[in-house]
Amino acid sequence: MTTTLIKNADWIIAWNKALARHEYLQHGDIAFAEDRLTFVGQGYRGSVDREIDGRGRMVMPGFVNIHSHPTSEPFNKGLMEERGSPRLGMSSLYEFMLLVRPDDDARRAAALYAVAELIKSGVTTFTDYSAPRRNWADDLASTGIRACLAPSYRSAQWFTPNGHRVEYRWDEAAGRAAMTAALAIVDAANAHPSGRLFGMIAPAQVDTCTEELLGASVEAAKARNAPLQIHAAQSVVEFREMVARHGKTPLKWLHDLGFLYEGAIIAHCIFIDEHSWIRWPYRGDLERMAAAGASVAHCPNIFARRGILLENFGKYRSRGINIGLGTDTFPHNFIDEMRWATVACKIAGGSVEATSLDEVFHAATVGGAKALRRADIGRLAVGCKADLSLVDLRHPTLQPVRDPLKSLVFSGLERPITDVFVDGEHILVAGKLKTIDEATVVEALNRGQREALANVPAADYAHRPTDEIFPLSLPITAAPAHDRRTG
């Protein structure tokens, strides 16, 4: 086996197994043979085939992103940053999110573009929560990232006929057929020869799935020991819809179905019975989540842009709820999401002490790993996967370097990350991706958005012009009149 040594790193974010926490280790060494870490400490004396100078660098565990939609969301850049529906609880889901529909080739380019963003921000494992697409598994395997395929399925599609009411088109047979197809994808991912792919059972949304479909999803997840994820408590519209149907909060309904258990992930989990926008008279949602051992996929950026906050990260953690982070829409910049998570919690909690970067970093690594039912990622410890990134501590954005993690998350973001390893493979080298042709991907992404925008008015309930639905942030100045004096 080939052994790689990162020698004398200025800082290492190492895992203390006895105390179950990350700690700084200064002037240390990390060694890995093939795909596993073999040494994390000081004074490595074993054999070495390749040595990397760690001076002026910090070594971090690879981040774990448990919620993203890479095939669709990159196309919404320049469109959705400030778009939401005031008549639908400020959400963008029902009136705007489904209007941009790119073709399959463009969707593939979007996924590769998102993966490039993720790797450059230190992500080594991510969840691709998407509609199935051609060559999905092989495309992700080719990037070198560790990927959890989460093929989405549901019993109904939502739509708004007028911009202030949401309705549902139900087709239960189609939902069952889609689940069958999704399970085949999950099983194929688990058996993929790359060894870096695995699968997730992923019914789409709590309000678009029947009780029977969710029950079958739980059975399929438990039979495979696979993670299970659903969007729930993500909008005011959804909360009111579930109360109208069942007289229960979305989480109470899932709890009573047996959907909440250790292994289940609730994506967003914002509009619970305690949320200030809801005014629900009863309490118990957080206690149910904690007692069941279910996790939350927290994606603060997209919601904060619409004035929506989880209330709040620190309170959920103090109740004993495991939280992982996700990038959800765009950008797929995981460190930016960590900064949003930290700051948004302090705003929602009205206190600088509402949470700490330590807690958010935990969610970004071992919290996400726990949600994905993986004990071998998200930490730098002997026996774990050799998934890690190197940070250039000489980067101007990090100066002065006293607390490198704080400087990275609050000031440097992804810019000082130079190298990323997954399974011991060096996939980002001195800031350059070895596995993705970014120029070709960007060209296809731009083409896909241009062509999709031409069809937006036809998809809109009111057939409004594209520039009215997605206005530019600034007006375009009309061409100046011809100056006769200059000919």
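The structure presented is a predicted model; accordingly, all values stated were derived computationally and were not measured.

Draft legend 1. Layout of the pairing of strand 16 (residues 322–325). Neither face of strand 16 is exposed, since Asn322 and Gly324 on one face and Ile323 and Leu325 on the opposite face are all buried. With 4 bridges connecting them, strand 15 (residues 295–298) and strand 16 associate as parallel partners. The partner of histidine 298 across the bridge, within strand 16, is leucine 325.

Draft legend 2. Layout of the packing of helix 10 (residues 334–349) against helix 12 (residues 404–412). At a minimum axis separation of 9 Å, helix 10 and helix 12 run at an interaxial angle of 95°. Regarding the angle of helix 10 to helix 12, the classification is roughly perpendicular. Each of Ile335, Met338, Arg339, Thr342 and Val343 in helix 10 lies in contact with helix 12, whose residues at this interface are Leu408, Val409 and Phe410.

Draft legend 3. Broad picture of the pattern of salt bridges. Evaluated as defined, the whole model comprises 29 salt bridges. The shortest N-O distance in the salt bridge between glutamate 23 and arginine 21 comes to 2.9 Å. The class for glutamate 23 is partly exposed, based on a relative accessible area of 28%. Residues participating in the shared-partner salt-bridge network are Asp35, Arg36, Arg146, Lys385, Asp387 and Asp423.

Draft legend 4. A negative patch on the surface, seen in detail. A cluster of acidic side chains, namely Asp171, Glu172, Glu211 and Glu212, defines a negative patch on the protein surface. You can see glutamate 211 is positioned in helix 4 (residues 211–224). Among the residues examined, glutamate 211 registers a relative accessible area of 46% and is labelled partly exposed.

Draft legend 5. Just helix 7 (residues 285–292), in detail. Among the residues of helix 7, those classed as buried are Asp285, Leu286, Arg288, Met289 and Ala292. The buried residues of helix 7 occupy an angular sector of 160° when projected down its axis, which confines them to one face. Tucked into the core, helix 7 has its buried residues touching helix 6 (250–257), strand 14 (264–268), strand 15 and helix 9 (313–318). Backbone geometry just downstream of helix 7 places glycine 293 in the positive-phi region, at approximately 80°.

Rules of the game
Each chain carries its own residue numbering, running from 1 in the direction its sequence is written. Note on the predicted model: pLDDT of at least 70 is required for a residue's local features to be given, and 80 or more for side-chain atom pairs to be given and counted; whole-chain, interface and lining totals, by contrast, use all residues. The basis for every side-chain value is the complete set of heavy atoms in the structure, and neither hydrogens nor water enter the calculation. For every residue, the accessible area (1.4 Å probe, protein chains only) is compared with the maximum for its type, and the residue is labelled buried under 20%, exposed over 50%, or partly exposed between those bounds. Counting from the N terminus, the helices are the DSSP runs of H or I reaching at least four residues and the strands are the DSSP runs of E reaching at least two. Should DSSP find at least two bridges between two strands, the strands are taken to pair. Orientation is described by lines fitted to C-alpha atoms, with helices fitted over the stretch in contact, and by angles between N-to-C directions that extend from 0 to 180 degrees. The cut-offs work like this: below 35 degrees is roughly parallel, past 145 is roughly antiparallel, 65 to 115 is roughly perpendicular, and the gaps in between are oblique. By definition, residues are in contact when any of their heavy atoms lie within 4.5 Å. Here a salt bridge means any side-chain nitrogen of Lys or Arg lying within 4 Å of a carboxyl oxygen belonging to Asp or Glu. A patch consists of residues whose relative accessible area exceeds 30% and which take part in no salt bridge; residues with like charges are grouped when within 9 Å of each other, and nonpolar side chains (Val, Leu, Ile, Met, Phe, Trp, Tyr) when within 5 Å. Surface accessibility in these figures is a Shrake-Rupley result with a 1.4 Å probe; residues are shielded only by whichever protein chains are displayed. His is not counted here, nor are the chain ends, while Lys and Arg score as positive and Asp and Glu score as negative. To locate a charge, take NZ of a lysine, CZ of an arginine, CG of an aspartate or CD of a glutamate. Relevant arc is that of directions from the helix axis to the C-beta atoms, nothing else.

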